[in-house]
Protein chains: 2
Amino acid sequence: MWANIGSMETTRSGRPRLTEQRRPGTTAREEILDAAGELFTTRGYASTSTRAIAEAVGIRQASLYHYFKTKDELLSALLHQTVTPTLTFLADLQQADPSPEQCLHTLAAFDGAQLLTSRWNLGALYLMPELREARLATFWTERERLRLAYLDLSRIILGATGVADDAADLPFRLVESLVNMWSRTPQPDRARLAGHVADACLRVLGVTDDLPALRAGTLHHLGRNDPARVGRL
Amino acid sequence: MWANIGSMETTRSGRPRLTEQRRPGTTAREEILDAAGELFTTRGYASTSTRAIAEAVGIRQASLYHYFKTKDELLSALLHQTVTPTLTFLADLQQADPSPEQCLHTLAAFDGAQLLTSRWNLGALYLMPELREARLATFWTERERLRLAYLDLSRIILGATGVADDAADLPFRLVESLVNMWSRTPQPDRARLAGHVADACLRVLGVTDDLPALRAGTLHHLGRNDPARVGRL
């Protein structure tokens, strides 16, 4: 796979790749994103140059610009990785017409596992002041779509349990808080923690009795989409 | 009050204050912290100079250094504001020997109200990569003390309800997630939201029946410590 990218770059810049592949990813684009994810989350966005990212991948800065024209574009692509797979999963899940409780539980378990099992804690970028200035409109639109999907499900459930509507945003926030637990949770425990957070999303809305059945349903739905996940929750 | 500070500065630096007071606070130290809180949370820590903070207060940089020798010292003082009052409140609360459920509910309501009603969203600073390099050992030690206090209470409650121990860190994380809800919650609704998050802390641990009594107990405990809070939850 890499051979193709390498020859493409040679054609464009007249220079071959500087070093052997250093990063996971099946394309140069993925390698660049991995390096940017590491540097943005460990050194900060303002302190990271595109030159430093290119060096961390082992390519020239000119080659990086072939994939991402600006640092904002790179940041935007990384942030989309934290939301787009979950929105795609949700659209697929809704085809199966689950109950609101089941839909929220399965959504939270998938979303939480996405956040917790990524190589870098990309969700930690959400609160960076620099994000307000970066051109990230499409990311914020997608993230708001996801938040509203949680909110719609939560409100239906609150209507049935009678818990105050002020709790409606808490399931989304509980999943988001996994960003703060990321560094403290050992890798093998992360998918299991996502399952417990899914339970907690229902509990804060006043659902208590149906949790074992909801968990079984979530394993079923996740298994249909990604068999590798079943054993991990 | 300001007159005293002004004359002290005149004595030390030989220069009077440049402008009228621009910031809330009864001391110059509080005004400086307010300006730093605004600039760190809106522009970022790395992008804010001590010169910019001094300008935002209307004092000279040399006067600022009289109160805070480094930018790290300023950041540390701001972060302590998010934890120290809650630890003081908890020590006082424990004197009244409340049940673990009551103690957790009241702690979460106080802590949440502290985070939500501050003028700047200081909790948003927690995830900044720059924080790892700043000299903030005493802040992290205090914050870990607070987290462990939540954890101890949560574990006792989980022992009674039979919910899995994986949920033990969620009450602390729920309160922390108010940082993400800060900008979206109108000021008048913030203290009420803190009360609902306190309920949610108990719900995620499997407590459902005693919430009205716990809420009444929390109003009692908060009222004893700060009568102004009672009407706001």
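Each value, and the rule that gives it
Residues numbered from 1 in each chain as written. Chains lettered and ligands numbered in written order. Predicted model: local features only at pLDDT ≥ 70, side-chain atom pairs only at ≥ 80, totals over all residues. Heavy atoms only, no water. Axes fitted to C-alpha atoms, helices over the stretch in contact; angles between N-to-C directions. Helix = DSSP H or I, 4+ residues; strand = E, 2+ residues; numbered from the N terminus. Parallel < 35°, antiparallel > 145°, perpendicular 65-115°, else oblique. Contact = heavy atoms within 4.5 Å. Nonpolar A, V, L, I, M, F, W, Y, C, P; charged D, E, K, R; others polar. Buried area = accessible area lost by both parts, 1.4 Å probe. Salt bridge = Lys/Arg side-chain N within 4 Å of Asp/Glu carboxyl O. Polar contact = N/O pair within 3.5 Å; in protein donor to acceptor, adjacent residues only side chain to side chain. Least-squares fit on C-alpha atoms with pLDDT ≥ 70 in both. Buried < 20%, exposed > 50% of the residue type's maximum accessible area, 1.4 Å probe, protein only. UniProt positions renumbered as here; feature names shortened; annotations may be inferred. Left-handed = near helix turned anticlockwise from the far one by under 90°.

An unreviewed UniProt entry lists chain A under the name TetR family transcriptional regulator, with Mycolicibacterium sarraceniae as the source organism.

> Give a description of the packing of helix α2 (residues 28-43) of chain A against helix α5 (residues 71-81) of chain A that names residues and reports values.
Residues and elements named next belong to chain A. It is at 10 Å that the axes of α2 and α5 come closest, and there the two elements cross at 90 degrees. The orientation of α2 with respect to α5, classified from their angle, is roughly perpendicular. For the pair α2 and α5, the contacting residues are Arg-29, Ile-32, Leu-33, Ala-36, Gly-37 and Phe-40 in the first and Lys-71, Leu-74, Leu-75, Ala-77, Leu-78 and Gln-81 in the second. Residues belonging to the contact of α2 with α5 are distributed by class as follows: 8 nonpolar, 2 polar and 2 charged.

> I'd like to hear about the interface of chain B and chain A, residue by residue, with values.
Listed per partner, the contact involves 34 residues of chain B and 34 residues of chain A. Roughly 3200 Å² is buried in total at the junction of chain B and chain A, and carbon and sulfur atoms are behind 59% of that figure. Of all residues in chain B, B:Leu127, B:Asp166 and B:Arg203 bury the most surface against chain A, accounting for 19% of the area lost on that side. On the surface where chain B and chain A come into contact, there are 2 salt bridges. Taken together, the connections running from chain B to chain A amount to 6 residue pairs in polar contact (both at pLDDT 80 or more). Put simply, the parts of the chain that give the side of chain B that touches chain A at least two residues each are α2 (28-43), α8 (130-133), α9 (137-161), α10 (170-176), α11 (178-181) and α12 (190-204) of chain B.

> Tell me what's going on with the relation of the copies chain B and chain A, and back it up with residues and numbers.
By a simple turn and slide, chain B fits onto chain A: the slide is 0.0 Å along the axis, the RMSD is 0.0 Å, and the turn is 180 degrees. The transformation just described matches what one would write down for a two-fold rotation axis. Same-surface contact between copies: 100% of interface residues of chain B are shared with the interface of chain A.

> Give a description of the pattern of salt bridges that names residues and reports values.
Summed over all chains, the structure comprises 20 salt bridges over all chains. As a salt-bridge pair, A:Arg147 and A:Asp169 come within 3.1 Å of each other at their nearest N and O atoms. Of this pair, A:Arg147 sits in helix α9 (residues 137-161) while A:Asp169 sits in the loop between α9 and α10 (170-176), and the two are 22 residues apart along the sequence. Accessibility classification places A:Arg147 together with A:Asp169 in one group, the buried group. The salt bridge involving B:Arg192 is made with B:Asp189; its shortest N-O contact spans 3.7 Å.

> Residue-level account of the UniProt feature "DNA-binding region" (unreviewed entry) in chain A, with values.
Following the UniProt record, one finds the feature "DNA-binding region" (unreviewed entry) at residues 49-68 of chain A. Annotated as residues 49-68 of chain A, this span is 75% helix and 0% strand, and its ends, taken at the C-alpha atoms, are 13 Å apart.

> So what's going on with the environment of A:Pro171? Which residues, and what values?
Residue and element names in this part refer to chain A. Following the sequence through the fold, Pro-171 ends up in helix α10. In sequence terms Pro-171 and Arg-147 are 24 residues apart; their C-alpha atoms lie 9.4 Å from each other. Contacts of Pro-171, omitting those with residues within four sequence positions, involve Leu-104, Tyr-150, Ser-154, Cys-201, Val-204 and Leu-205.

> Can you lay out the packing of α5(A) against α9(A) for me, pointing to particular residues and giving the numbers?
Residue and element names in this part refer to chain A. Running from N to C, α5 and α9 cross one another at 15 degrees; their axes reach a closest spacing of 9 Å. By the angle class used here, α5 and α9 are roughly parallel. For the element pair α5 and α9, the recorded crossing hand is left-handed. Judged by residue contacts, Ser-76, Leu-79 and His-80 of α5 engage Thr-138, Phe-139 and Glu-142 from α9.

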